[in-house]
Amino acid sequence: MNEATAEKRTLTGKVISSKMDKSATVLIERKVKHPVYGKYIRRSTKLHIHDADNSCQEGDMVSIEQCRPLSKTKSWKLVAVIGRND
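For every chain, the first residue of the written sequence is number 1, and numbering continues from 1 onward in sequence order. Reporting of local features is limited, given that this is a predicted model, to residues whose pLDDT is at least 70; pairs of side-chain atoms are given and counted only at 80 or more, and all residues count toward the totals for whole chains, interfaces and linings. Only hydrogens and water are set aside when side-chain values are computed; all heavy atoms of the structure are taken into account.

Colleague: Mind showing me how you'd approach unusual backbone geometry here?
Modeller: With glycine set apart, most residues show a phi of negative sign, and most peptide bonds adopt trans. In this model, lysine 22 sits at a positive phi of 60°, which is unusual for a non-glycine residue. Structurally, lysine 22 can be placed in the loop between β1 (10-17) and β2 (23-33). On the accessibility criterion, lysine 22 (41% relative accessible area) is partly exposed. Phi at asparagine 54 is positive, roughly 50°, even though this residue is not glycine. With respect to the element layout, asparagine 54 can be found in the loop between β3 (40-50) and β4 (61-66). Each helix is a run of DSSP H or I of at least 4 residues and each strand a run of E of at least 2, with the numbering of both proceeding from the N terminus. Each residue is assigned to one of three classes by its accessible area relative to the maximum for its type, calculated with a 1.4 Å probe on protein chains only: buried under 20%, partly exposed between the two thresholds, exposed over 50%.

Below, the structure is given as structure tokens:
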């Protein structure tokens, strides 16, 4: 399966830091069912993303896509800003 036919992984999250140049930190939250008790628990992951235009701000909801590694911690890039923090 080459890169043209493989689907890119896309996630939605909230920007928690945009102080870096051309980078931002996004918090991804998901709900996981507890294996014994059945209660849904919130789990979160922080990802560093590539924001070439410095267009996102803290609090924005963004859509991100997986890409080749751009640095030691960045392997996701910004697709679109879904909701602005006013």
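So much for the structure itself; the text now carries on.
Colleague: Quick question: what am I supposed to make of the state of the cysteines here?
Modeller: What makes a disulfide is a covalent bond joining the sulfur atoms belonging to two cysteines. Any cysteine sulfur atom paired with another within 2.5 Å is treated as part of a disulfide. Under the defined criterion, the tally for this structure stands at zero disulfides. Free of any disulfide, cysteine 56 has its nearest cysteine sulfur in cysteine 67, 14 Å distant. Accessibility expressed as a relative area gives 5% for cysteine 56, which makes it buried. Residue cysteine 67 is classed as buried on the basis of its relative accessible area, which comes to 17%.

Colleague: Looking at this structure, I do not really get the pattern of salt bridges. What am I missing?
Modeller: Here the idea is simple: oppositely charged side chains can pair when their charged atoms come close. Any carboxyl oxygen of Asp or Glu that lies within 4 Å of a side-chain nitrogen of Lys or Arg is treated as forming a salt bridge with it. Applying the stated rule across the entire model yields three salt bridges. The salt bridge involving arginine 42 is made with glutamate 29; its shortest N-O contact spans 3.7 Å. With arginine 42 in strand β3 and glutamate 29 in strand β2, the pair connects residues that are 13 residues apart, well separated along the chain. Overall, glutamate 29 belongs to the partly exposed group, its relative accessible area being 47%. Of the charged contacts, one joins glutamate 65 and lysine 77 as a salt bridge, the two residues approaching to 3.8 Å between their closest N and O atoms. Remark: lysine 77 occurs in strand β5 (residues 74-83) and glutamate 65 occurs in strand β4; sequence separation between them is twelve residues.

These results come straight from atomic positions and should not be treated as a statement about function.
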